[in-house]
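Structure at a glance
One-letter residues, chain by chain:
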Amino acid sequence: MSILFPAFFFLINCNTNREKNPDKDSANKTDTMKPETKDTGYNLPEDAFKLHFDSEVVDSHNDYLYQVFKRGADFGKKDPFTQSGLQRFREGGITLQFFAIWIPSSEEKRAFSFAKQQAERLKKIEEEYGSEFGIAYSYEDFEKIRAEGKLCGMMGIEDGAAVGGSLENLETLYETGVRYIGLTWNRSNAIGTSAKDESGSSRSGGLTEFGKKVVKRMEEMGMMIDVSHSGEKTFWDVMEITSGPIIASHSNCYALNPHYRNLTDEQIKAIADRNGVIMVNFLDDFIVSGGKETRVKDYYDRYSKDLDLIFEESKGDLITFNKKRYNFILEHPVKGGTTLDDLIEHIDYIRNLVGIDYIGLGSDFDGGITPPIDLYDATCYPLITQRLAEKGYTETDIRKILGLNFLRVLKQVCSKKN
Ligand SMILES: [Zn+2]
């Protein structure tokens, strides 16, 4: 385990000599619930990587835990068959990673115990890597773990089948540490109908009576309601019976790519009206229509030796590494495939539709996804910051997208003080 990362984090958190810039977005309705933004006058796009490693970077959806649990991935290693792991999170500047607990079809019948086992596996990881990684159960825990310079992890469930048809189980999952539940995965379940099923011919049921009880109880307990994968009818049923913020932990814009997994303008507006957040997904097929048909080898697939060498030569200095990596990518254009710029179009679209306060990142890494070619694994988040800065996003805008928007919701829903 490299000791460079904690040391490096200390260095980059000690930036001084910053000027205060006015926060143009400060006068809106969500102000009271926001963590304070630190607009400290970075010279963008020049200092984009410095800004990145000085920001809270939240990813609300990563399936890596399943890779550890079922496929033997080693949290401390950069396993070649995964896109994540501690080192990649560190190199990506991630400060809060939500680990999705996913239920494959083969485990649906014992989904509750399967979900609990995965949660326990994450706790074992915490025991093993306690000096570098901590699990948060509230917004306050997150702040504490961050203050200690550790990577913070939280648990979400992808598929309400894990509730196993029992409100008692739901409470057990909360006690175990689960802080959001995606009501469905692609399969409809006892809670409601999925986007996949609703987009097919026959089903448009929405929330079941049991599903309504689950959603209401989640809101009471302080568990975030995740509508990614939910069908539209399920989505609007949720909106009818809840009043707090709702999240879409890994979803994009239907207007840019009419895929059943993407959100319509009306859904995006409804989430924003609730002060919730839409976390954009990195799967090429959700980003551009027909994304999977145009796939080409990503940068790491093509240039792993060059990229590894750039990393080694940077000796743990992540800003130098990213500058060199970014230039390398610019100097080696690749034809075809989906790119980071295509992903940023979804960010632009949400900003233009509802404003900057409702956007975040929900990669879906290690959920079997093929991401944009220049966003090949969890080390690549700094490249997003660089491109946003080049497109004219301000420091405040970027900090919000990277993490503060999601943290606002986390603070509102999962605070001990509530
Ligand atoms: Zn998913």
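The structure displayed is predicted, hence computed values, not measured ones.

**Observations concerning the overall build of the protein chain**
A count of helical and extended segments in the protein chain gives 17 helices and nine strands. Counting only residues that meet the buried cut, the protein chain has 50% of its 418 residues in that class.

**Quick word on the environment of Ile94**
The residue Ile94 is located in the loop between helix 4 (86-92) and strand 2 (96-102) in this model. The exposure class of Ile94 is buried, given the 26 C-beta atoms found within 10 Å. Once the C-alpha coordinates of Ile94 and Tyr381 are considered, the two residues, 287 residues apart in sequence, prove to be 7.9 Å apart. Excluding anything up to four places from it in sequence, Ile94 contacts Val57, Asp59, Phe89, Leu151, Ala378 and Tyr381.

**A few points about the pairing of strand 2**
Where burial is concerned, most of strand 2 is hidden: seven out of the seven residues are buried. Side-chain alternation along strand 2 places Leu96, Phe98, Ala100 and Trp102 on one buried face and Gln97, Phe99 and Ile101 on a second face that is also buried. Where strand 1 (residues 58-62) and strand 2 come together, three bridges link them in parallel fashion. Paired with Asp59 across the two strands is Gln97, which belongs to strand 2. Two strands pair when backbone bridges link them, and strand 2 and strand 4 (residues 151-158) are joined in this way by seven bridges, in the parallel orientation. Within strand 4, the position partnered with Phe99 by the bridge is Met155.

**Some words on unusual backbone geometry**
Cis geometry is found at the peptide bond from Leu44 to Pro45, where omega equals 5°. Along the chain, Pro45 falls in the loop between helix 1 (4-12) and helix 2 (48-53). One non-glycine residue with positive phi stands out, namely His229, at about 80°. Secondary-structure assignment places His229 in the loop between strand 6 (224-226) and helix 10 (232-241). At Asp366, a residue that is not glycine, the phi angle is positive and equals roughly 65°. Tracing the sequence through the fold places Asp366 in the loop between strand 9 (359-361) and helix 16 (381-390).

**Here's the deal with the confidence of the model for the protein chain**
When pLDDT is averaged along the protein chain, the result is 91; 90% of the residues meet or exceed 70. Contacts from residues 1-35, a stretch scored under 50 in pLDDT, to residues over four places away or in other chains number 45 contacts.

**A word on the nonpolar core**
Of all hydrophobic cores here, the largest spans 113 residues; its most connected members are Ile101, Ala115, Ala162, Ile278 and Ile359. Look past the residues within four positions of Ala115 in its chain and what remains in contact with it is Ile101, Ile103, Ile157, Ala162 and Leu173.

**What to know about the packing of helix 3 (residues 64-71) against helix 5 (residues 111-128)**
In contact at an axis separation of 10 Å, helix 3 and helix 5 are set at 95° when each is read in the N-to-C sense. In terms of orientation, helix 3 and helix 5 fall into the roughly perpendicular class. Side by side, helix 3 and helix 5 meet where Leu65, Tyr66, Val68 and Phe69 of the first sit next to Gln118, Arg121 and Leu122 of the second.

**What about the environment of Leu383?**
Checked against the element boundaries, Leu383 lands in helix 16. Using a count of 23 C-beta atoms within 10 Å as the deciding quantity, one classes Leu383 as buried. With 61 residues separating them along the chain, Leu383 and Asn322 place their C-alpha atoms 7.4 Å apart. Residues contacting Leu383, with those up to four places away along its chain left out, are Tyr326, Leu340, Asp374 and Leu375.

**A short note on the packing of helix 15 (residues 340-354) against helix 16**
Two elements in contact, helix 15 and helix 16, have axes separated by 11 Å at closest approach and are oriented at 65°. The orientation of helix 15 relative to helix 16 falls into the category roughly perpendicular. Between helix 15 and helix 16 lies a crossing whose hand is right-handed. Side by side, helix 15 and helix 16 meet where Leu340, Asp341 and Ile344 of the first sit next to Leu383, Ile384, Arg387 and Leu388 of the second. Considered class by class, the residues forming the contact of helix 15 with helix 16 number five nonpolar, no polar and two charged.

**Quick look at helix 6 (residues 139-147)**
Here helix 6 has its buried residues at Tyr139, Phe142 and Ile145. For helix 6, the buried positions fall inside an angular range of 120° around the axis, keeping them on one side. In the stretch just after helix 6, Gly149 is the one whose phi turns positive, near 75°.

What counts and what doesn't
- Residues numbered from 1 in each chain as written.
- Predicted model: local features only at pLDDT ≥ 70, side-chain atom pairs only at ≥ 80, totals over all residues.
- Helix = DSSP H or I, 4+ residues; strand = E, 2+ residues; numbered from the N terminus.
- Buried ≥ 20, exposed ≤ 12 C-beta atoms within 10 Å, placed from the backbone.
- Contact = placed C-beta atoms within 7 Å.
- Pairing = 2+ DSSP bridges.
- pLDDT = per-residue confidence, 0-100.
- Core = buried A, V, L, I, M, F, W, Y, C linked by C-beta atoms within 7 Å.
- Axes fitted to C-alpha atoms, helices over the stretch in contact; angles between N-to-C directions.
- Parallel < 35°, antiparallel > 145°, perpendicular 65-115°, else oblique.
- Left-handed = near helix turned anticlockwise from the far one by under 90°.
- Nonpolar A, V, L, I, M, F, W, Y, C, P; charged D, E, K, R; others polar.
- Arc of directions from axis to C-beta.

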